[in-house]
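Observations on chain architecture
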There are 4 protein chains.
Amino acid sequence: MRVGVLTGGGDCPGLNAVIRGIVRKGVQEYGYDFVGYRDGWRGPLENDTVRLDIPAVRGILPRGGTILGSSRTNPFQAEGGVRRVKENLAAQEVDALIVIGGEDTLGVAARLTDEYGVHAVGVPKTIDNDLSATDYTFGFDTAVGIATEAIDRLHTTAESHMRVLVCEVMGRHAGWIALHSGLAGGANVILIPEQPFDIDQVCAWVTSRFRASYAPIVVVAEGAVPRDGDMVLKDESLDSFGHVRLSGVGEWLAKQIEKRTGKEARTTVLGHVQRGGTPSAFDRWLATRFGLHAIDAVRDGDWGAMVALRGTEIVRVPIAEATARLKTVDPALYEEVGVFFG
Amino acid sequence: MRVGVLTGGGDCPGLNAVIRGIVRKGVQEYGYDFVGYRDGWRGPLENDTVRLDIPAVRGILPRGGTILGSSRTNPFQAEGGVRRVKENLAAQEVDALIVIGGEDTLGVAARLTDEYGVHAVGVPKTIDNDLSATDYTFGFDTAVGIATEAIDRLHTTAESHMRVLVCEVMGRHAGWIALHSGLAGGANVILIPEQPFDIDQVCAWVTSRFRASYAPIVVVAEGAVPRDGDMVLKDESLDSFGHVRLSGVGEWLAKQIEKRTGKEARTTVLGHVQRGGTPSAFDRWLATRFGLHAIDAVRDGDWGAMVALRGTEIVRVPIAEATARLKTVDPALYEEVGVFFG
Amino acid sequence: MRVGVLTGGGDCPGLNAVIRGIVRKGVQEYGYDFVGYRDGWRGPLENDTVRLDIPAVRGILPRGGTILGSSRTNPFQAEGGVRRVKENLAAQEVDALIVIGGEDTLGVAARLTDEYGVHAVGVPKTIDNDLSATDYTFGFDTAVGIATEAIDRLHTTAESHMRVLVCEVMGRHAGWIALHSGLAGGANVILIPEQPFDIDQVCAWVTSRFRASYAPIVVVAEGAVPRDGDMVLKDESLDSFGHVRLSGVGEWLAKQIEKRTGKEARTTVLGHVQRGGTPSAFDRWLATRFGLHAIDAVRDGDWGAMVALRGTEIVRVPIAEATARLKTVDPALYEEVGVFFG
Amino acid sequence: MRVGVLTGGGDCPGLNAVIRGIVRKGVQEYGYDFVGYRDGWRGPLENDTVRLDIPAVRGILPRGGTILGSSRTNPFQAEGGVRRVKENLAAQEVDALIVIGGEDTLGVAARLTDEYGVHAVGVPKTIDNDLSATDYTFGFDTAVGIATEAIDRLHTTAESHMRVLVCEVMGRHAGWIALHSGLAGGANVILIPEQPFDIDQVCAWVTSRFRASYAPIVVVAEGAVPRDGDMVLKDESLDSFGHVRLSGVGEWLAKQIEKRTGKEARTTVLGHVQRGGTPSAFDRWLATRFGLHAIDAVRDGDWGAMVALRGTEIVRVPIAEATARLKTVDPALYEEVGVFFG
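Residues numbered from 1 in each chain as written. Chains lettered and ligands numbered in written order. Predicted model: local features only at pLDDT ≥ 70, side-chain atom pairs only at ≥ 80, totals over all residues. Heavy atoms only, no water.

An unreviewed UniProt entry lists chain A under the name Pyrophosphate--fructose 6-phosphate 1-phosphotransferase, with Streptomyces tabacisoli given as the organism. According to the UniProt record, the Catalytic activity (unreviewed entry) comment for chain A reads "beta-D-fructose 6-phosphate + diphosphate = beta-D-fructose 1,6-bisphosphate + phosphate + H(+)". Taken from UniProt, the Sequence similarities (unreviewed entry) comment for chain A reads in full: "Belongs to the phosphofructokinase type A (PFKA) family. Mixed-substrate PFK group III subfamily." (UniProt positions renumbered as here; feature names shortened; annotations may be inferred.)

Laid out in structure tokens, this is it:
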């Protein structure tokens, strides 16, 4: 059995742990061969491969990023893409493909399996934790840990100057990172995309925190929006190259808070720091087990299946189920956490 | 409603987060009063209390340890203990008690509720993660993270000198910390109490690792034992005070490996470092939610209930169920991880 | 002897360690009393004090920020400021003042001592490490450590996507943080305020790094400027409140690099995260020793003196000497580090 | 010019940074070739070499350990050792040798240069910071940081149980790690090899700390000894293999404190964790600069010179001067720190 492996979409701590798990078990227990594909779907599309065996996966467990590279290439959008992928898989004598990626990358795998008979197995990957059908995805815990440590640090600088500190974290469509890091970091306001916020309410929380003689920390997901949707857009402007420059919600919030409460406010945008570097122990555990179970799914010929976490168990679900809808923050959970606001 | 809170047993990162969650929600949403009891069951036994209100829980979220102190006092082993506890609760007009602790501390709560009508609610606490009925307990993730970071560091020193490094971690009866940190740290051998080990097999793994030109890391839970149970005991000796000095299993292993493989071996015993200091983001999230749900159980009068994690949900289970038997590592899971040995 | 203590200017990890060192030695060895002044020079100006004794400094060593608060208040700019400061010091029977701060805060201390006979001793504080007369200031090592860890993380995300990652760090007038963290983080380009940069050279380094099949990391101090000084200014624009919005140099660089090299580029702005949170061990050591030596200077009546680090020794220098000119990066040192560019 | 490089003695975070600095500057600026020698002096003794060029040093900056391996081999103790080293250097056409190591490794370099005309340049390496002629050695800051973080964690577990926690750190002959990490970690007692301790005084400090309602942390260098030198020796015993088992001073202290004060005490022995893993930013800076200056010394033909840190400058000193005597903790400095004891 010859198995191809690819990683697609944005990078995520733990990708290398998945790859290592797949290869170690595949070679040692099942005697499989492996082909690494470079840069996500671009690999099979262009027949760009890399050696993938036990020596190739030594020492990669603690390393962030992906030794296979990544891209957002979609074979369905390339001229004759599906045909080329199938031809290239055949040329490499690849019997099965393990696809590690998010909604888009896995969506391609599901369609190739369902419609074109490709033998694919999926491993979910999203740093935002917004894939249905799995309790957690690897990378998320690392991102939350980095954001929490940053928020811990912001507290002391906020207190020393009695300023508002706004911390913008990742999360375009789902507020999981903001919710977890905000709670863990003891934030006084947490704003998520799922719940358009009322700027007056935000300012009320800020003011109430100052009244208790503490300085407020506002954690905001990059995709959070005010209830009156036009407001952030007003802050758009053209930069010197004529591009529209959409000010991030964090910066916008800081200005609004300054204007409305009269208190100084500063913004930190964590950005790519959240998705790089060594994975947390939790993510190494989860990613490794995803890898071990993905190769088991290959052995079982369970095409179209995706590994997922349920409690402490790794289970299999149809890829299609996992990518059907975004897993967003339940209003009840947001309300539960809201007891710490203000 | 007046609610007493106590923390018993060994300390654990996240205890303060539980206390803060209880008090914030209890005061703000339900208007309850609180009484902090000092040093576990010693508090109600000796009526030793401490003020517990919103100002008392400010800033404690990231702090390890417990602001209430802890002990292993058991009122059932004290002269008139149960009577004194009941009298002291009545004297403080305490209507309900939230008991945060492990098997022993919770066992007292269960008996007081079942046999003596005390209104108690439990919150599980064990750094070893060995309580049934909950997927994880807080403190465990922090301990695994600390151990993993240590193992990461040991790799480089092992490689530079081509030595065996043995790392002894916590886990007297269950190997969860060893299993998780060993896997996450890329250990070549992991030994747990649930599976008596064969020293010849250990040496075979060590030798095989050297053959691949790498230096082996052996992670061993403090409670792991060799198959031939007498062997470790032979290493006993009397110290200068006439006490029996049982050499830890880590030190014993290093000596055996040196003797049998001819390779140099060194031991690190992480000890209390694993249970102190700031909790990880995961543990702060879990502990806080345990606190929020414990006060809800009080509001519902759900005496004898314990909060527990199932997947991503906090549920309630009878305390008795949780403390009935130890949650140990499943042989199938140990075998799954075993693909990385050697 | 009664000693007042104040902390002024931007906050900096290690301030609390200085305060603790002063008070522990002052009380235990010399039997002094202390008065804490709130919010820098605002404290003596408005006679706003806080209790400062051994219990007040317990547990503050590892905590970021300052228990005394800080501000940029300048008594020379307040109506009758000097007179009020002198009266308030007299009212509190304060014999000597220990002033912990940067150029501005210490400048006030120097003038009050020289021109108005106030008994002041200085402790240098600047996270940017740009004060003359001392090898290092506390807070700098912590900031460099945080920035280095962020750069470490950016490497993996850069490699996985073969993108340029620009990391903007603190340093308005001096490039010490950029230079140290850039070198320690293995950056491929480091830009500092002392050396106006040539954007064509930057792009040449970026391109050369890609040619070696690696992704470039560009570390830039917030105060770095291109040789043609107008260029960044062109990127100014008005935001929705009519304020001038000066795009940071990091964002500007990313756009220029994208435009000129055709490679994707992303920016991370670390911001206040660099100056908050627990100090590094180095900073705790340095700050504590500064505190111990500052109280010795008080005992010696060495008014107008500032403590400073020379090698491993703490020495005393005139405040005026330290604040006379900025300590900037020597061109020779920048060139030495330049061997790693590209 | 062809330059050999070797690393000897115990490993130390930063060794790879030195190697990278040497090679990057040597190749890019001076056009030199390099030969890596394996495992310290064993390399030239047995002509065991490894390729050392720009690709070989990519990515090694943040990695602990040494890519060249290390050993304690001494050519002066090997049959015909000096002759073989000289022959092997000639066989490889090596014109100069950069020797990175501690007292022993550098001592060999000094003798080979002085007595046998070998062209050697030294780079000091000792995690214990006990080499004369340099303010700091790389690796020390990393070790102090790791020990400080461990002590931070021990505080909370000590407080929660009101126990004494003893933390044994590295330092056989010099107490630098104990002194710096003990001060930075807020220890209540620090014991170093330079100052034999009085166990009664230790117990007095412990008791005084409890009286203030806090739990004491005792930091002890592994080489610290009680004034009555016989005492620790009494704790010796034979293990099951008939080896003498010298209980560490940390364990001995805990027992003595328990016996004399009646308080519970626990010991943590950090061990090899202190010398492994990624170097701190400070150590990466220092090690890199040592590398850059070592290759400059080669270019200058400054045989027998060693690079050293003086303040913020890298200077050159004769190797012999640096290895002549151990740099130990000055009694005045120990007394300065003593204000925090008890």
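Having seen the model, we can carry on.
1. Details of the overall build of chain A
Scanning chain A from terminus to terminus reveals 13 helices and 13 strands. Against the globule reference of 20 Å for 342 residues, chain A gives a C-alpha radius of gyration of 22 Å, in line with a compact fold. Projected onto the principal axes, the alpha-carbon positions of chain A cover approximately 65 × 45 × 35 Å. The buried share among the 342 residues of chain A stands at 65%. For chain A, contacts bridging at least 24 residues in sequence account for 76% of all contacts bridging at least 6. Surface summary for chain A: the accessible area is close to 11400 Å², and the carbon and sulfur share equals 45%. Distance from the positive charge centre (36 side chains) to the negative charge centre (44 side chains) of chain A: 4 Å. (Helix = DSSP H or I, 4+ residues; strand = E, 2+ residues; numbered from the N terminus. Rg over C-alpha atoms; globule rule 2.2 N^0.38 Å. Buried < 20%, exposed > 50% of the residue type's maximum accessible area, 1.4 Å probe, protein only. Contact = heavy atoms within 4.5 Å. Areas by Shrake-Rupley, 256 points an atom, 1.4 Å probe, with all protein chains shown as cover. Lys, Arg positive; Asp, Glu negative; His and termini not counted. Charge placed at Lys NZ, Arg CZ, Asp CG, Glu CD.)

2. Concerning the domain arrangement of chain A
All names here are of chain A. The domain architecture assigned to chain A consists of domain 1 (2-139 + 279-324) and domain 2 (140-276). Distance between the C-alpha centres of domain 1 and domain 2: 34 Å. For the domain 1 and domain 2 pair, buried surface summed over both sides reaches about 1100 Å², with 52% attributable to carbon and sulfur atoms. Put simply, domain 1 and domain 2 have one salt bridge between them. Among the ionic pairs, arginine 275 bridges to aspartate 11, the shortest N-O distance being 3.3 Å. (Domains from an automatic or database assignment. Buried area = accessible area lost by both parts, 1.4 Å probe. Salt bridge = Lys/Arg side-chain N within 4 Å of Asp/Glu carboxyl O.)

3. Concerning the pattern of salt bridges
Applying the stated rule across the entire model yields 88 salt bridges over all chains. With a shortest N-O distance of 3.3 Å, Glu87(A) and Arg83(A) are connected by a salt bridge. You can see Glu87(A) and its partner Arg83(A) sitting in helix α4 (residues 81-91), four residues apart, about one turn around the helix. We note a salt bridge from Glu115(B) to Arg111(B), for which the minimum N-O separation is 3.3 Å. Pair noted here: Glu115(B) and Arg111(B) are both in helix α5 (residues 103-116), with a separation of four residues, about one helical turn.

4. Focus on the UniProt feature "binding site: Mg(2+)" (unreviewed entry) in chain A
Residues and elements named next belong to chain A. In the numbering used here, UniProt assigns the feature "binding site: Mg(2+)" (unreviewed entry) to Glu103. Structurally, glutamate 103 can be placed in helix α5 (residues 103-116). Excluding residues within four positions of it along the chain, glutamate 103 makes contact with Thr323 and Leu326.

5. Topic: the confidence of the model for chain A
All names here are of chain A. The predicted model of chain A averages 93 in pLDDT, with 94% of residues at 70 or higher. Note that pLDDT drops below 50 for residues 233-246; the model gives that stretch 35 contacts with residues more than four away or on any other chain. Scoring of the predicted complex yields 0.94 for pTM and 0.94 for ipTM. (pLDDT = per-residue confidence, 0-100.)

6. Some remarks on unusual backbone geometry
Despite not being glycine, Asp39(A) has its phi angle at roughly 55 degrees, a positive value. By the secondary structure assignment, Asp39(A) is in the loop between β2 (33-37) and α2 (42-46). Positive phi, normally seen in glycine, also occurs at Asn129(B), with a value near 65 degrees. Residue Asn129(B) is classed as buried on the basis of its relative accessible area of 1%.

7. Some remarks on the arrangement of the chains
Structurally, chain B and chain C remain out of contact, their C-alpha atoms never closer than 11 Å. Where chain A comes nearest to chain D, the C-alpha atoms are still 11 Å apart, and the two do not contact one another.

8. With respect to the packing of aromatic side chains
Scanning all chains against the criterion turns up 34 aromatic pairs over all chains. For the ring pair Trp205(D) and Phe341(D), a centre distance of 5.0 Å and an interplane angle of 75 degrees mean the geometry is edge-to-face. Residue Trp205(D) is found in helix α8 (residues 199-211), and its partner Phe341(D) is found in the segment after α13 (331-337); the two are separated by 136 residues along the sequence. Taken together through their ring pairs, the aromatic side chains of Tyr136(A), Phe140(A), Phe282(A), Tyr136(B), Phe140(B) and Phe282(B) make up a single cluster. Sitting over the face of the ring of Phe76(C), Arg111(C) holds its NZ or CZ atom 3.9 Å from the ring centroid. (Phe/Tyr/Trp six-rings, centres within 6.5 Å; stacked < 30°, edge-to-face > 60°. Lys NZ or Arg CZ within 6 Å of the ring centre and 35° of its normal.)

9. Considerations on helix α1 (residues 15-30) of chain A
Residue and element names in this part refer to chain A. In a regular helix each residue adds 1.5 Å, so 16 residues correspond to 22 Å; α1 covers 22 Å between its end C-alpha atoms and thus fits that length. Counting buried residues in α1 gives twelve out of 16 residues, a clear majority hidden from the surface. For α1, the full list of buried residues reads Leu15, Asn16, Ala17, Val18, Ile19, Arg20, Gly21, Ile22, Val23, Arg24, Lys25 and Gly26. Summarising the contacts, the buried residues of α1 are in contact with β1 (2-7), β2, α3 (54-57), β4 (96-101), β5 (120-124) and α11 (281-299). One or two residues past the end of α1 sits glycine 31, with phi positive at roughly 70 degrees. (Expected span 1.5 Å × (residues − 1).)

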